Amino acid sequence: MQGGGPLDCRPVFFWYCEGDGMDRRSGFTLIEVMISMLIFATAMVAFSTLYLTTARLYESSRNLAQAVNDGRVLMEAMRDRAQSVGLSGAGGVTATYPQGTNH
């Protein structure tokens with residue numbers, strides 16, 4: 001094991017190397033650790049933003065579905081009430097629209 005290169009050592013611990021009677025440190029530099037942490041933090045922010053956006057979209061969709069369902073239930077209740085007082089669909093209730101509106 002001559003030459004003293006980084007691959008010319010026997011690992012003792014994951015950050016220490018032993019070779020040729022001299023202990024040499026190997027591992028990550030502070031800059032490498034900081035860059036790794038920056039990349040990890042950026043990924044976490046991106047995933048958190050994606051999660052929060054998806055949660056808001058789900059809540060909005062759920063509220064819209066609930067409003068549509070509430071409208072359907074209300075229309076059915078109004079139809080049932082109209083039928084209970086003797087009004088029937090085509091002959092009893094007439095819809096009138098103001099002039100100039102699309103219907």
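Everything that follows concerns the structure shown earlier in this document.
Now for a description of the structure that goes with this document. The residue count restarts for each chain, going from 1 along the sequence in the order it is written. Reporting of local features is limited, given that this is a predicted model, to residues whose pLDDT is at least 70; pairs of side-chain atoms are given and counted only at 80 or more, and all residues count toward the totals for whole chains, interfaces and linings. To obtain the side-chain values, all non-hydrogen atoms of the structure were used and water was disregarded.

**Re the overall build of the protein**
From N to C terminus, the protein includes 2 helices and 3 strands. Moving toward the C terminus, one meets the helices and strands of the protein in the order β-β-β-α-α. Under the convention used here, a 1.4 Å probe and the Shrake-Rupley method define accessible areas, while residue burial counts only the protein chains that appear. Summed over its atoms, the accessible surface of the protein is roughly 9500 Å², and 66% of this surface lies on carbon and sulfur atoms. Helix and strand definitions follow DSSP, with helices as H or I runs of at least four residues and strands as E runs of at least two, each counted in order from the N terminus.

**What about the pattern of salt bridges?**
Should a side-chain nitrogen of Lys or Arg be within 4 Å of a carboxyl oxygen of Asp or Glu, the pair is scored as a salt bridge. In total, this model carries 3 salt bridges according to the counting rule given. Two residues, glutamate 76 and arginine 72, come together in a salt bridge whose shortest N-O distance is 3.0 Å. Placement of both glutamate 76 and arginine 72 in helix α1 (residues 30–84) is noted, with a separation of 4 residues, approximately one turn of the helix. For each residue, the accessible area found with a 1.4 Å probe, counting protein chains only, is set against the maximum for its type, and the residue is called buried under 20%, exposed over 50%, and partly exposed in between. Judged by its relative accessible area of 44%, arginine 72 falls in the partly exposed class. Among the ionic pairs, aspartate 80 bridges to arginine 79, the shortest N-O distance being 3.2 Å.

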